[in-house]
Each structure stands twice: as C-alpha cells, then as structure tokens.
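The lines below spell out each chain.
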2 protein chains.
Amino acid sequence: MSAIKLAIVGVGKIVHDQHLPAIAANADFELVASASRHNTVPGLPGYTSIEAMLAAVPGIDAVSLCMPPQYRYQAAQVALAAGKHVFLEKPPGATLSEVADLEALAAARGVTLFTSWHSRYAPAVQPAKAYLAAHAPTAMQVRWKEDVRQWHPNQEWIWQAGGLGVFDPGINALSIVTEILPSLIFLKRATLEFPDNRDAPIAAELHFQDAAGMPVHAQFDWRQTGPQSWDIVVQTADGELKLSNGGARLWVHGVEQPLEQEAEYPSLYRRFAELVRAGRADVDVAPLRHVADAFMLGQRKVVAAFHD
Amino acid sequence: MSAIKLAIVGVGKIVHDQHLPAIAANADFELVASASRHNTVPGLPGYTSIEAMLAAVPGIDAVSLCMPPQYRYQAAQVALAAGKHVFLEKPPGATLSEVADLEALAAARGVTLFTSWHSRYAPAVQPAKAYLAAHAPTAMQVRWKEDVRQWHPNQEWIWQAGGLGVFDPGINALSIVTEILPSLIFLKRATLEFPDNRDAPIAAELHFQDAAGMPVHAQFDWRQTGPQSWDIVVQTADGELKLSNGGARLWVHGVEQPLEQEAEYPSLYRRFAELVRAGRADVDVAPLRHVADAFMLGQRKVVAAFHD
C-alpha cells in the first residue's frame, strides 16, 4: 500500500510540537510539502499559499489545515475542489455554516473530510466511554480552569470577536463530554463573563441536560492561578468516575486506573489514514455547535478588565 | 385520500391569527385537538399537555408546535417518539443541538419533520429566486428596521438570554436571503448591540460573503420609529432587484412587479401536507445557524438602556 502524500498548511507551534512528530512516526504518510505565509519546515519544499503549493507539487493526496480557524474555510475549499483529502485542526471552522458547506463539498467530491478533536484521543477517553456505556451516568461536572497568562501569553487574536476566548480550551472538554456520554446533551442556560476590555469570554458556566434530565454542569475559567484543573467527574448508580489532566488520568470508584501512554496526535493521524483508505468522512460539529449554542443562549456578564 | 388528523400544541396569538385560518381552508387537514397550558381553541377538545392529548385522542397523525422555542424540543421529542409528523414554528428550537437531534429522531422513526420559515412563502420570494438564478447577484443589502415598542410591546421573554432579541424578526430576513441567493453565504464579521439593561441585542450588523466574495450586508434594528423597513436590495450585472415589506412587494430594475396575494401560512400547510403524503422531511437550519454564528463571531457593544 503506497503512502498517502501529505502536505501541511499553516506552519505554527502546534505543527512543530504535534503534527510533524506524529506524521514522521506513521508509515501511512509521506510528508511532501508545506504552505505557510511566513514559516517553512526544514528539509521540506515550502510555499506561501496552498494554491502555489498545489500548482507546484504533483501528486499531493491530502492536506492538514493548521492555520487559525478564520482562514481554514478558504483553504479547505481550494483543497476539496482539487480533490484532496482534508484534515482540519480543531475547531473545524470560524462558523458552523462554513463546516456544513465543507461537509457537502467533500461528499460531492467523494474525498475524506476529518474534523479532528485531539482531546478525544486522550488515554482515559475510551475507557471512560466503555464504563459509561455499562453504568448509566446520573450527573456530570466539568471543571476546565487554567491560567490564560501561562497558556496563551499575549495572544491578542484569542481575545478578539470570533477568537472564542475560554472556549478555546473549553471546546476540548466538550469534545470529550460528547464522546464519552451515552446520550446527547442540550444546553439549557449559560453565563458568559466578558472582561470589560475584551471581545471574548474569560469564563463560562454551562448547564446542559440530556433528554431524560441528566444534568451536566460545566465551568470554564481562564483566571485560575496555582493548580490547574481539566477534570470531568461523573456520578453513576455504581459509583464515581473521574478523568483529570484533560483525560490523561482516570479514576473509577476512587481507584486510579492504568492507561496507555498519551498519543493524541499519533492517534489522530492513524484515524485519518483509516478514513482515507476506506474512502469515508468523519465530520462531527457537536463540540463547536455547543459553543455556538452557548453564545446564542448565554447571558453576558461584564467583569473586570483583563491585562496580560 | 383521507385528511391528515392534526393537533395544535401551544395556542397563542400566532395560532389564532395564522394557523387556524390556514388549516380551516386546507382540506388536507382535519384539526382534531389542541394542547396548551392556559389556552384552548373554541369548539376543539383541549388538553393542558401534549402527553395528555396524545393519550386521550386516538389517531392523531401530525402536530404543529407553536409554543415558545425553549419548550419546543421536549414536545417534539414526545411527538416523534409517538410516531407523529411534526411541524415546527420558527425558529425550530432554542439551540442547534436540539434541532440536530430532532432531525435524527424523525429520520429514525420515518416520520415527517418540517422546520417552517413563513417568510420564505412571501409572494416576492420565488420570483426573486428565479431572477437571481438567471442574473448572478454582485452584492446584497438587507435592512430590517422596525419599532420593537410597536411589534413586541412589553414582551419580556424576547429580551431574555436565548430570546434572540432583534434576531427574532431578523431571522425572517435570513430565511429569505438563504432562499433566494443561488450561492451559500458565510458570516465574516458582525456587531451586536445590547441595551445596558437587557440580555438580548436590540440591533445587529452582519457582513457575509459567498465563496466567490459576493458581499451581503445586513442591518437589523429595533429602534426604528416612523417608516418601518423590511427590505432586501440586490445588485446584478443587469440591474437591481428590490424586495420590500418583508417580501410582499418586488421591483425589478425599478419597475414594480405584479405578485400573487400574500398566503404565507396557507403555503406552509400546503407544503407540510405534501411532505407528509410523500413521507419526506424538510429540515433546514441555515437561518438559525447564521444567527448562532452571529452570536459566536459578533463583537458585543453595550448601548443605551431600553425601556418599553
């Protein structure tokens, strides 16, 4: 089976930290080029636009789109129109309307579109999902609290309208929640806290329920100093389940469980190769849809100005 | 062909003004019952819940759900689970996640789900759509400016979080725009104006583009006194198209066109009967998705307090 000829579009920190090592370790892929306005990958032909790259490099089968979300739709359109398979970093677009259109374009062209959610491949996620399939949850609490000064220092774009603010990490929690729960959940009410001097929320509190009334309470906060928390706790009739460290650790009835090594991006590329080989798509907008629902339904509170 | 036995759930002003006359004039339907917490329809068996109604009245084929959006999902779930066809007033739900689930439930049960958008049946809409299919638009401006004190006096719910504010009429404009344009559009930036004392926007300015860059500029405003405007103007290489009065009047190159009589709700019920007879669904969330995109992407501005 010949390798899938892959190109990277949008070369930033996440590409160097995660994508390049995962691709290098996967024999299903041969990395052949990159396109990025300002950056290149050492040893790889680099172009300043996806159009220039596709014109110059024959035989590209697939592209990974890793630029900021507001530029992703236009590049995905170009790639799908050229018949390339497309891997989208999270979130899959700046708006839901864009993603709906990309799904239709990929189906019409018969190529793979993969909306990736890396947190779903954290080692605790599949064991937690299996547990909850066998032990119905009665309630869930999500606490995603981190220090934005530590994780996003001086990143202005994340505070602009459309930058999503605290939902940038929060959407990772929602991608896990929607993966492990056996039922769908629906937002009932929400509060979003906007710093006086910013256009994106610094904190959010979300109240979901499933169709049977099972409550899911989520708190996202970017003002956490000291210990950081990326925890999901689930009550069941048989006891409690707890995921912490964003799904890197798992407790069942208070007993920590042995887990596989963390391998989120290698798993994403293994999944992408399977989809391309099988000629299938995997488009799940549920996490981004919950975020849009939260902005639409949520009550806005103005809180103290935030300065980096 | 026997009549479709129909029940109305949520009996308010719109039901008396629009639904009941349209149903009475349509031989495809036989109205057999209603359910509403506080209201009844003279001469019709009335129940205080959809569950009580379905238990008491045998042979109901279909229900029209006309209660406020935040109660629609639960009722639709009950109806679809009971194998009933469902007509949803606009907007089809409080969140996009709910509507996505209803679409899946209806498909699984093999019954009709119809997300109705009454403004799409305004008399100018299909002629405008036909014109734009033959004459490619180069730009569009939408002006939906009305006096909220006149149209929604002292309606507190419309100002609450999730009440959508000026998007309540604005979604009618978006339902027309997405019907008549030959291409899809995507929100690029937006501004939402929130009164200092309210949780929903009183005005919004939206900048869309289609994939080729064709601009659509929409202004929604609830502070309009004097003449009201519900206008859509479209430029084409061959001249200008203008819809006014919410699609009740149409000008082509400055010449007003003769149109059919206004018959939005009769047309909606004709369409619903066709769908039920054909065993098909018609679920289009595009207008609500654009609203959610606007809340997610839009910049919030706080403006002067609003008092009824």
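Above: the structure in question.
Residues numbered from 1 in each chain as written. Chains lettered and ligands numbered in written order. Predicted model: local features only at pLDDT ≥ 70, side-chain atom pairs only at ≥ 80, totals over all residues. Heavy atoms only, no water.

Novice: Lay out the packing of aromatic side chains in plain terms, naming residues and giving numbers.
Specialist: Residues and elements named next belong to chain B. Tallying each qualifying case throughout the model produces 24 aromatic pairs over all chains. Relative to Phe 272, the ring of Phe 87 lies with its centre 5.4 Å away and its plane at 85°, an arrangement referred to as edge-to-face. Placement of the pair is Phe 87 in strand β5 (residues 85–88) and Phe 272 in helix α8 (residues 264–278), with a sequence separation of 185 residues. Here Phe 87 and Phe 272 have matching classes, each one buried. (Phe/Tyr/Trp six-rings, centres within 6.5 Å; stacked < 30°, edge-to-face > 60°. Helix = DSSP H or I, 4+ residues; strand = E, 2+ residues; numbered from the N terminus. Buried < 20%, exposed > 50% of the residue type's maximum accessible area, 1.4 Å probe, protein only.)

Novice: Lay out the pairing of strand β7 (residues 137–145) of chain B with the relevant residues and their values.
Specialist: Residue and element names in this part refer to chain B. Examined bridge by bridge, β7 and strand β11 (residues 229–236) share eight bridges and lie antiparallel to one another. Its bridge partner lying in β11, Met 140 is registered against Val 234. Two strands pair when backbone bridges link them, and β7 and strand β10 (residues 215–221) are joined in this way by six bridges, in the parallel orientation. Along β10, the bridge assignment pairs Met 140 with Val 216. (Pairing = 2+ DSSP bridges.)

Novice: Could you give me a rundown of the pairing of strand β8 (residues 185–195) of chain A, with the residues and numbers involved?
Specialist: Residue and element names in this part refer to chain A. Counting buried positions along β8 yields eight of eleven residues, so the element is predominantly enclosed. With eight bridges joining them, β8 and strand β9 (residues 203–210) adopt antiparallel strand pairing. Bridging from a neighbouring strand, Arg 189 pairs with His 207 of β9.

Novice: Account for the sheet that holds strand β4 (residues 62–65) of chain A, naming residues and giving values.
Specialist: Residues and elements named next belong to chain A. Strand order across the open sheet formed by six strands is β3-β2-β1-β4-β5-β6, with parallel pairing between neighbours. Two strands lie at the open edges of the sheet, namely β3 (46–47) and β6 (113–115), each paired on one side alone. By the bridge criterion, four bridges tie β4 to strand β5 (residues 85–88) in an arrangement that is parallel. Among the inter-strand pairings, Leu 65 is bridged to a residue of β5, identified as Leu 88. On top of the sheet, helix α1 (residues 13–24) reaches β1 (4–9), β2 (29–35) and β5; it is set at about 175° to β1, its chief contact. (Contact = heavy atoms within 4.5 Å. Axes fitted to C-alpha atoms, helices over the stretch in contact; angles between N-to-C directions.)

Novice: Explain the sheet that holds strand β15 (residues 299–303) of chain B to me, using residue names and the numbers behind them.
Specialist: All names here are of chain B. Strands sit in the order β14-β13-β12-β11-β7-β10-β9-β8-β15 across an open sheet of nine strands; the sheet is mixed. Across the chains shown, the open sheet's two edge strands, defined by having one partner strand only, are β14 (255–256) and β15. Pairing geometry for strand β9 (residues 203–210) and β10, over seven bridges, is antiparallel. In the strand pairing of β10, Ala 204 is matched with Phe 220. Strands β7, β8 (185–195), β9, β10, β11 and β12 (239–244) of the sheet are contacted by helix α7 (residues 167–180), whose axis makes an angle of about 160° with β7.

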